[in-house]
Amino acid sequence: QSYGFRAVGDGEKQALVNDVFHKVAQRYDIMNDLMSAGLHRVWKDALVAALNPPKRGDFHLLDVAGGTGDIAFRVIDASHGHAQATVLDINGSMLGVGQDRANKRHLAGNTTFVEANAESLPFPDLHFDAYTIAFGIRNVPHIDVALREAFRVLKPGGRFLCLEFSEVEMPFLEKAYEAWSFNAIPRIGKAVTGDGEPYQYLVESIRKFPNQENFAAMIRSAGFERVTYRNYSGGIAALHSGWKL
Ligand code: SAM
């Protein structure tokens, strides 16, 4: 059975994604380390450095597809405990793990966990200082809708930052990366969760995601200005940035 996008409709695609993350929620953080060989930590640090949250005053982050809270905790730490973070995810199992982690880290006072869809944010216009989404937007069926929602909820001067797998720039790296993605990742998934097929689907979703330039154009179409991107690890991941001016 193929999990390619052509074979499944949008509703089914979201259902498949939900199923993967319900199954993996308790082991998500260890899976992330295994599947990215620890690199996701470096890429997330780059996102937080780019955001550079203020160390005083009010700063309210919305981290969409925030899962187990990784980005939110890093931003709060970088703000020396001043930032407030709303972690939004469509998956209650991932958020449950995030809430437990927040309690253990004594960050419950800085965090709010909201179960909702990136395509329909349950917040008023002009509400947040920053919007982040890490390794989540490629799972959202209508990326243009999610980007418009990001623009709507940001205050003027607000920052949009998106970390996502992207197009690898170097041919030799691409070959190694493909071997890793199509062989190792489903195998790790199978070893840890008992089922490798959903990971095949997630790997395929990386291939279907627009490349750096095309995604930058989509961000501009949603209304963002000064849109730029930076590649990490030869383009395995890219960080896109935009401003609501
Ligand atoms: N941002 C976290 C990180 O970097 O560790 C989690 C990333 S995880 C690969 C992708 C997350 O996207 C999952 O928690 C999943 O439930 C969430 N997700 C998928 N579709 C979504 C949607 N339509 N709206 C909100 N979250 C969604």
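Residues numbered from 1 in each chain as written. Predicted model: local features only at pLDDT ≥ 70, side-chain atom pairs only at ≥ 80, totals over all residues. Heavy atoms only, no water.

**Some remarks on the site of the ligand**
Next, step 1: With respect to spatial proximity, 20 residues lie near the ligand, and among them Lys-44, Ala-65, Asp-89, Ala-118 and Ala-134 are the closest.
Next, step 2: Between a nitrogen atom of the ligand and a side-chain N or O atom of Gln-14, the distance comes to 3.0 Å.
Next, step 3: Compared with its free state, where it exposes 600 Å², the ligand has 98% of that area covered by protein.
Next, step 4: The set of elements that each furnish at least two residues to the shell around the ligand consists of α1 (10-24) and α2 (28-35).
Next, step 5: Ranked by residues supplied to the shell around the ligand, first place goes to α1 with three residues.
Next, step 6: Along the lines of polarity and charge, the residues of the shell around the ligand split into eleven nonpolar, seven polar and two charged. (Near = heavy atom within 4 Å. Polar contact = N/O pair within 3.5 Å; in protein donor to acceptor, adjacent residues only side chain to side chain. Areas by Shrake-Rupley, 256 points an atom, 1.4 Å probe, with all protein chains shown as cover. Helix = DSSP H or I, 4+ residues; strand = E, 2+ residues; numbered from the N terminus. Nonpolar A, V, L, I, M, F, W, Y, C, P; charged D, E, K, R; others polar.)

**Section: the nonpolar core**
Next, step 1: Of all hydrophobic cores here, the largest spans 32 residues; its most connected members are Trp-43 and Val-75.
Next, step 2: The set of elements that each furnish at least two residues to this core consists of α3 (39-51), α4 (70-78), β2 (84-89), α5 (92-104), β4 (128-134), β5 (154-165) and β7 (237-244).
Next, step 3: Excluding anything up to four places from it in sequence, Val-75 contacts Val-48, Leu-51, Pro-53, Phe-59, Leu-61 and Ala-83.
Next, step 4: Grouped together as the second largest cluster of nonpolar side chains are 28 residues, Val-153, Phe-160, Ile-219 and Ala-222 included. (Core = buried A, V, L, I, M, F, W, Y, C linked by side-chain atoms within 4.5 Å. Buried < 20%, exposed > 50% of the residue type's maximum accessible area, 1.4 Å probe, protein only. Contact = heavy atoms within 4.5 Å.)

**Some thoughts on α1**
Next, step 1: Between its terminal C-alpha atoms α1 stretches 21 Å, which fits the 21 Å expected from 15 residues at 1.5 Å a residue.
Next, step 2: The complete set of buried residues in α1 reads Lys-13, Gln-14, Leu-16, Val-17, Asn-18, Val-20, Phe-21 and Val-24.
Next, step 3: The elements touched by buried residues of α1 are α2, α5, α7 (171-193) and α8 (197-208). (Expected span 1.5 Å × (residues − 1).)

**Let's talk about the confidence of the model for the protein**
Next, step 1: Looking at the protein as a whole, its pLDDT mean stands at 91, while 97% of the residues score no less than 70.
Next, step 2: Segment residues 1-6: pLDDT under 50, and 14 contacts once partners within four positions in sequence are set aside and those in other chains are kept. (pLDDT = per-residue confidence, 0-100.)

**Re the pattern of salt bridges**
Next, step 1: Applying the stated criterion to the full structure yields twelve salt bridges.
Next, step 2: Asp-70 serves as the salt-bridge partner of Arg-101, at 3.1 Å between the closest nitrogen and oxygen. Separated by 31 residues along the polypeptide, Arg-101 in helix α5 and Asp-70 in helix α4 bring together distant segments of the chain. Note on accessibility: Arg-101 and Asp-70 belong to one class, buried.
Next, step 3: Via salt bridges that share partners, Asp-29, Lys-44, Asp-45, Asp-70, Arg-74 and Arg-101 belong to a single interconnected network. (Salt bridge = Lys/Arg side-chain N within 4 Å of Asp/Glu carboxyl O.)

**Examining the environment of Leu-16**
Next, step 1: The residue Leu-16 is located in helix α1 in this model.
Next, step 2: For Leu-16, a relative accessible area of 17% puts it in the buried group.
Next, step 3: Residues Leu-16 and Pro-198, 182 residues apart in the sequence, show an inter-C-alpha distance of 7.4 Å.

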